[in-house]
Amino acid sequence: GFGTFYGLAYIVSPKFCHSFVGYVEEEACATYTKIIKAIEEAPEGSEMAKWRTETAPEIGRSYWHLGEHGTVLELMYAIRADEAEHRDVNHYASAMKKGDLAPVGNPKKQVDMALKKYVKDLMTV
């Protein structure tokens, strides 16, 4: 299925595959942003508004280190941040040139990417 196709495509063009995944992750970020907005703006007393205070499932609280009382809204923020990191890493990887260090093995690149993401997130709030 898809795994075989993607593996073959990666052999032919890793840059294309990283770009593709980066764009998929951008869509995920946009989707989670819409979900967060819907939760935050939901009328008080509605089912969606309950997610502002409802405790997230244990597996999500554990995986994203939300603590014992992490809410569904906090879970959505954590998932969006995770997707944004995937987006940034894949776009960076798609632009890498021979000899470039991967951002996960390069502390300076990690800091630069984190700061860039932080500023971008501030600008889009």
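Every value quoted in this text rests on a predicted model; they were computed, and no experiment measured them.

A. Expanded view of the environment of Ala78. The topology assignment puts Ala78 in helix H4 (residues 72–94). As for Ala78 and Trp64, which are separated by 14 residues in sequence, their C-alpha atoms are 6.5 Å apart. Non-local contacts of Ala78, meaning those with residues more than four positions away in its chain, are made with Trp64 and Leu66.

B. Fine view of the nonpolar core. Among the nonpolar cores identified, the biggest contains eight residues, and these are Ile36, Ile39, Ala56, Val72, Leu73, Leu75, Met76 and Ile79. Going through the elements one at a time, helix H2 (14–41) and H4 are the ones with two or more residues in this core. A total of five residues in this core trace back to one element, the largest contributor, which is H4. If we ignore the near neighbours within four places in the chain, the residues touching Leu73 are Ile36, Ile39, Glu40, Trp51 and Arg52.

C. Just the packing of H2 against H4, in detail. Across the interface, H2 lies against H4 with an axial gap of 8 Å and an inter-helix angle of 160°. Here H2 is positioned roughly antiparallel relative to H4, judged by the angle of their axes. Considering the relative orientation of H2 and H4, their crossing is left-handed. Broken down by class, the residue content of the contact of H2 with H4 amounts to 14 nonpolar, eight polar and seven charged.

Conventions and cut-offs
Residues numbered from 1 in each chain as written. Predicted model: local features only at pLDDT ≥ 70, side-chain atom pairs only at ≥ 80, totals over all residues. Heavy atoms only, no water. Helix = DSSP H or I, 4+ residues; strand = E, 2+ residues; numbered from the N terminus. Contact = heavy atoms within 4.5 Å. Core = buried A, V, L, I, M, F, W, Y, C linked by side-chain atoms within 4.5 Å. Buried < 20%, exposed > 50% of the residue type's maximum accessible area, 1.4 Å probe, protein only. Axes fitted to C-alpha atoms, helices over the stretch in contact; angles between N-to-C directions. Parallel < 35°, antiparallel > 145°, perpendicular 65-115°, else oblique. Left-handed = near helix turned anticlockwise from the far one by under 90°. Nonpolar A, V, L, I, M, F, W, Y, C, P; charged D, E, K, R; others polar.

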